[in-house]
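Read off the chains here:
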Amino acid sequence: MSHCILQIALDTPLDSLFDYRWACEAGSEPHVGQLALVNFGRREAVGLIVAVKHETDVPADKLKDAIAVRSQLAPLSARWIALARFAAAYYHRPLGEVALPGLPKNLRLSTTVALDRALKKLAKLPDAHDPMPTDMPVLNAAQRQAADAIGGAQGFSPMLLYGVTGSGKTEVYLQACAQVLGRDDDAQILILVPEINLTPQLEANIRARFPGVMLATLHSSLSEGERMLHWLAAHTGRARIVLGTRLAILSSLPSLKMIVIDEEHDPSYKQQEGLRYSARDLAVWRARQLDIPIVLGSATPSLESWHHAQTGRYRRLELRERAVRDAVLPRVKLIDMERDKPKEGLTPTLMQALRVRIERGEQSLLFLNRRGYAPVLCCEACGWISNCTRCTAFMVLHRPERRLRCHHCSLEMRIPHACPTCGNVDLQPLGRGTQRVEEGLQTLFPQARILRIDADSTRRKGSAQEAFDTVHRGDVDILIGTQMVAKGHDFKRLTLVGVLNPDTALFSQDYRASERLFAQLMQVAGRAGRAGLESEVLIQSRYCQHPLYGAVMRHDYDRFAGSLLEERHQAALPPYMYQALLRAEAPELATAIEFLEAARDAVPSDAVVINDPIPMTMTRVHNVDRAQLLVESNSRPALQAFLTEWVEALRALKSRVRWSLEVDPLDI
């Protein structure tokens, strides 16, 4: 019996492929794209076959035999492997670290029990290939023009759908999908949303519109069995529409014909650990690779996408008016907290507006992007504050649980009965989180039905959707929430939005802070008045003259984006500059800085600017000190060429420092 050599990518930090021997008969060789079970070190691992050869440089006495090849599963396509190779090369990670985590965990087990069970379950599902949509509402002229442009696009066509909140972007997506599905019997469509809690509402809309089409959902809240089944439905082509969060961009879709990125500006599309990829950017590359249209939708596009639209790389489609007849954008008013003194965090003007909505039977939303009861607990006698012992951060007071909790390392401790330094028993909370605002509202409006939605109140699986369903039913008078409630939700009776404490972002060291604050304010303001009811947004601030708030009052994204782009151009910042960030972690800050200094001098280059290493803003997390080094260039190819050489040099440096490289960083 003859043997062949399987070249396999494994999920390991080692940047290499591994050769294994496999006994194969003529005509029955394994295929590139199949999965194989092999011995790796002392464990068994599942890898991806990326080449089948007949020769190897590995000595025969060191060459291991592959244990099994997963022949019951259709191979991953050459185009999918090319996508993984591109991501690995662009983000400078081993191919196995990109390809394998993109597959369901149950597919990477040493046994095939879960795979066989899922394949049998999928085979029993009825075929669903009737793309006929139901209940198609009539679009206004702008919506119809956008839907026809998207649905009728041929080849690689990147489009930026810029539409004000409530302008009916979702309906445009759905009617464009109907055109694509109706034109091609095998077409698959990928729709990405930034956060898991946005999937149920959109999933319900898709199922209602396309009852004869199989829909697969892919996100991290699914059980491993569910994720396996949905991934297989997409991989086999049974699922015609795939809805998911950022991880879905790496799903196998053999007949992908269109990609939709909703809320494309959202930073959640960027993975912040491991493979630090941008799902939005990979989606654009995948659309170019497959020569298919892609639409990026937002009421507040990222400056990168807006710049591409201005320079002609993207086609811009606009929805300037709300879709519901008589629905207009809410009036935005600023409340000067220097004149209108707040009580329990709320100014008299905002409290009166809340009272009026309760009397009318309408709903209000208070937006505060800070969970917990208070950001810090302090002693006014000696100045002690509740610092985390493991991080350069405060421990946040969670009063209902009577706990202090660090939101960075998850350290918890009971609230001390007295000051640990001086023994003072009168410890005071400083600042306000959602829990404290909720407590104050219950005192001010005891008759009101109040609901808080944040990461603390929605920890249990399904609890977030239950909370949103309660709001949609009208069983809530005042909703308090963080950014979880700021986008994508269609609250029919919501007529008032109050924004608390947005000023901190105005003075951030992050140059993207103003862009994010503007997007956040515009998104949360857009929750009001979507059903045609007169509505308003009240923003409490001590800096009412700031030009950002003026742009929010005018709903003037165009001018605001133009001024920010001009600032970025003058300061040589993205999108006019390309960046990579090298981070180093060590028990001592000096060790991390020393490594970065060696990295700075490892590969001299005139094509890039290598800045000096500095401590990160959050220097210590979980007893580990962190520092960073920024590399910049006005040429993406020049930066990539440097990084390829640099990463090899970094791997050769003898150091016990843990380091990571992020291309196109969002947080510096």
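Residues numbered from 1 in each chain as written. Predicted model: local features only at pLDDT ≥ 70, side-chain atom pairs only at ≥ 80, totals over all residues. Heavy atoms only, no water.

Considerations on the overall build of the chain
Here is step 1 of the chain: In terms of helices and strands, the chain carries 17 helices and 28 strands.
Here is step 2 of the chain: Over its C-alpha trace the chain gives a radius of gyration of 27 Å, about what one expects of a compact globule, namely 26 Å for 668 residues.
Here is step 3 of the chain: Dimensions of the chain, computed from the C-alpha atoms along their principal axes, are close to 85 × 65 × 50 Å.
Here is step 4 of the chain: Buried residues in the chain amount to 55% of all 668 residues.
Here is step 5 of the chain: For the chain, contacts bridging at least 24 residues in sequence account for 75% of all contacts bridging at least 6. (Helix = DSSP H or I, 4+ residues; strand = E, 2+ residues; numbered from the N terminus. Rg over C-alpha atoms; globule rule 2.2 N^0.38 Å. Buried < 20%, exposed > 50% of the residue type's maximum accessible area, 1.4 Å probe, protein only. Contact = heavy atoms within 4.5 Å.)

Description of the sheet that holds strand S2 (residues 18-23)
Here is step 1 of the chain: Spatially, the 5 strands line up as an open sheet ordered S2-S1-S4-S3-S5, and their pairing is antiparallel. The sheet terminates laterally at S2 and strand S5 (68-69), the two strands that pair on one side only.
Here is step 2 of the chain: Judged from the 5 bridges that link them, strand S1 (residues 3-9) and strand S4 (residues 43-53) form a sheet pairing that is antiparallel. Residue pairing across strands places Ile5 opposite Lys53, the latter belonging to S4. (Pairing = 2+ DSSP bridges.)

Considering the environment of Ser278
Here is step 1 of the chain: One can find Ser278 in the loop between strand S10 (256-262) and helix H8 (279-290).
Here is step 2 of the chain: Counting along the chain gives 18 residues from Ser278 to Val260, while the straight-line C-alpha distance between them is 15 Å.
Here is step 3 of the chain: In this view, Ser278 contacts Tyr91, Tyr269 and Lys270; residues no more than four positions away in its chain are not counted.

Regarding the nonpolar core
Here is step 1 of the chain: Ranked by size, the top nonpolar core spans 125 residues in total, and within it Leu48, Leu190, Ile249, Ile259, Leu548, Leu582 and Trp646 carry the most contacts.
Here is step 2 of the chain: Looking at this core element by element, the count peaks at 8 residues for helix H1 (residues 78-91).
Here is step 3 of the chain: Beyond its immediate sequence surroundings of up to four residues, Ile249 is in contact with Leu83, Leu190, Leu192, Tyr277, Ala279, Leu282, Ala283 and Arg286.
Here is step 4 of the chain: In this structure, Leu161, Ala178, Ile189 and Val193 belong to the second largest nonpolar core, which totals 33 residues. (Core = buried A, V, L, I, M, F, W, Y, C linked by side-chain atoms within 4.5 Å.)

Quick word on the sheet that holds strand S18 (residues 412-414)
Here is step 1 of the chain: Strand order in the open sheet formed by 3 strands is S16-S17-S18, and the pairing between neighbours is antiparallel. Only two strands of the sheet have a single partner each, and these edge strands are strand S16 (396-398) and S18. Neighbour-to-neighbour, the strand axes of the sheet open up by a mean angle of 30 degrees, direction not taken into account. (Axes fitted to C-alpha atoms, helices over the stretch in contact; angles between N-to-C directions.)

What to know about the packing of helix H13 (residues 513-525) against helix H15 (residues 557-571)
Here is step 1 of the chain: Running from N to C, H13 and H15 point in directions that differ by 170 degrees, and their axes come no closer than 11 Å. Between H13 and H15, the interaxial angle falls into the category roughly antiparallel. Residue-level contacts link Ser514, Glu515 and Phe518 of H13 to Tyr557, Phe560, Leu564 and Arg568 of H15.
Here is step 2 of the chain: Here the residues of the contact of H13 with H15 sort into 4 nonpolar, 1 polar and 2 charged. (Parallel < 35°, antiparallel > 145°, perpendicular 65-115°, else oblique. Nonpolar A, V, L, I, M, F, W, Y, C, P; charged D, E, K, R; others polar.)

Points about the packing of aromatic side chains
Here is step 1 of the chain: Across all of its chains, the model carries 13 aromatic pairs by this definition.
Here is step 2 of the chain: Residues Tyr162 and Tyr557 carry aromatic rings whose centres are separated by 5.7 Å and whose planes lie at 45 degrees to one another, so their mutual orientation is tilted. Placement of Tyr162 in strand S6 (residues 157-163) and of Tyr557 in helix H15 is noted, with a sequence separation of 395 residues between them.
Here is step 3 of the chain: Between Trp306 and Tyr557, the aromatic rings sit 4.9 Å apart at their centres with planes inclined by 85 degrees, giving edge-to-face as the arrangement. Of the two residues, Trp306 sits in helix H9 (residues 303-310) while Tyr557 sits in helix H15, which places them 251 residues apart along the sequence.
Here is step 4 of the chain: We classify Trp306 as buried; its relative accessible area is 2%. (Phe/Tyr/Trp six-rings, centres within 6.5 Å; stacked < 30°, edge-to-face > 60°.)

Comments concerning unusual backbone geometry
Here is step 1 of the chain: In this structure, the amide linkage connecting Pro574 to the following residue, Pro575, adopts the cis form with an omega of 10 degrees.
Here is step 2 of the chain: Of note, Pro575 is situated in the loop between H15 and strand S24 (578-586).
Here is step 3 of the chain: You will see that Asp291, though not glycine, has its phi angle at about 60 degrees, which is positive.
Here is step 4 of the chain: For Arg402, which is not a glycine, the phi torsion comes out positive at approximately 55 degrees.
Here is step 5 of the chain: Assignment of secondary structure puts Arg402 in the loop between S16 and strand S17 (403-405).

What about the pattern of salt bridges?
Here is step 1 of the chain: As enumerated under the stated definition, the model contains 45 salt bridges in all.
Here is step 2 of the chain: With its nearest N and O atoms 2.7 Å apart, the salt bridge here joins Asp558 to Arg320. Taken together, the residues Asp558 in helix H15 and Arg320 in the loop between strand S12 (315-319) and strand S13 (331-336) connect sequence positions 238 residues apart.
Here is step 3 of the chain: Between Arg516 and Asp510 there is a salt bridge, with its nearest N and O atoms 3.2 Å apart.
Here is step 4 of the chain: Each of Arg371, Glu401, Arg403, Arg405, Glu412 and Asp456 takes part in salt bridges that share partners, so that together they form one network. (Salt bridge = Lys/Arg side-chain N within 4 Å of Asp/Glu carboxyl O.)

Brief notes about the packing of helix H5 (residues 169-183) against helix H6 (residues 199-209)
Here is step 1 of the chain: Viewed as axis vectors pointing N to C, H5 and H6 meet at an angle of 40 degrees, and their least axial separation amounts to 11 Å. Compared by their axis directions, H5 and H6 come out oblique. For the pair H5 and H6, the sense of crossing is right-handed. Contacts from Thr170, Glu171, Leu174 and Gln175 in H5 reach Leu202, Asn205, Ile206 and Arg209 in H6. (Left-handed = near helix turned anticlockwise from the far one by under 90°.)

A look at the side chain of Thr434
Here is step 1 of the chain: As for its placement among the helices and strands, Thr434 is situated in helix H11 (residues 434-444).
Here is step 2 of the chain: Residues within four places of Thr434 in sequence aside, it is in contact with Leu368, Arg370, Arg371, Gly372, Arg452, Asp454, Ile480 and Thr482.

Concerning the pairing of strand S15 (residues 376-379)
Here is step 1 of the chain: Here S15 shows two buried faces, one formed by Val376 and Cys378 and the other by Leu377 and Cys379.
Here is step 2 of the chain: Alignment of S15 against strand S19 (residues 427-430), held across 4 bridges, turns out to be antiparallel. What sits directly across from Cys378, in S19, is Gln428.

Thoughts on helix H3 (residues 113-124)
Here is step 1 of the chain: Here H3 is 12 residues long and its end C-alpha atoms lie 17 Å apart, about the 16 Å a rise of 1.5 Å per residue gives.
Here is step 2 of the chain: Within the span of H3, buried status applies to Ala114, Leu115, Ala118 and Leu122. Along the long axis of H3, the arc covered by the buried residues comes to 95 degrees, so they all point the same way. Opposite its buried face, H3 presents the exposed residues Arg117, Lys120, Ala123 and Lys124, each directed more than 90 degrees away.
Here is step 3 of the chain: Buried residues in H3 make contact with helix H7 (224-235). (Expected span 1.5 Å × (residues − 1). Arc of directions from axis to C-beta.)

Some details on the environment of Ala216
Here is step 1 of the chain: Locating Ala216 in the fold gives a position in strand S8 (residues 215-218).
Here is step 2 of the chain: Sequence-wise, Ala216 and Ala233 are 17 residues apart; in three dimensions their C-alpha atoms are separated by 6.8 Å.
Here is step 3 of the chain: Setting aside residues up to four positions removed in sequence, Ala216 forms contacts with His230, Ala239, Ile241, Val242 and Leu243.

As for H15
Here is step 1 of the chain: Between the first and last C-alpha of H15 there are 21 Å, a value that for 15 residues agrees with the 21 Å anticipated at 1.5 Å per step.
Here is step 2 of the chain: Along H15, the residues classified as buried are Tyr557, Phe560, Ala561, Leu564, Leu565 and Arg568. Projected down its long axis, H15 carries its buried residues within an arc of 130 degrees, all on one side. Exposed and oriented more than 90 degrees from the buried face of H15 are Arg559, His569 and Gln570.
Here is step 3 of the chain: On its buried side, H15 packs onto S6, H9, H13 and helix H14 (547-553).
Here is step 4 of the chain: One side-chain oxygen of the residue at the start of H15 lies 3.1 Å from the amide nitrogen of Arg559, identifying that residue as Asp556.
Here is step 5 of the chain: A positive phi of about 55 degrees marks Ala572, the residue just after H15. (Polar contact = N/O pair within 3.5 Å; in protein donor to acceptor, adjacent residues only side chain to side chain.)

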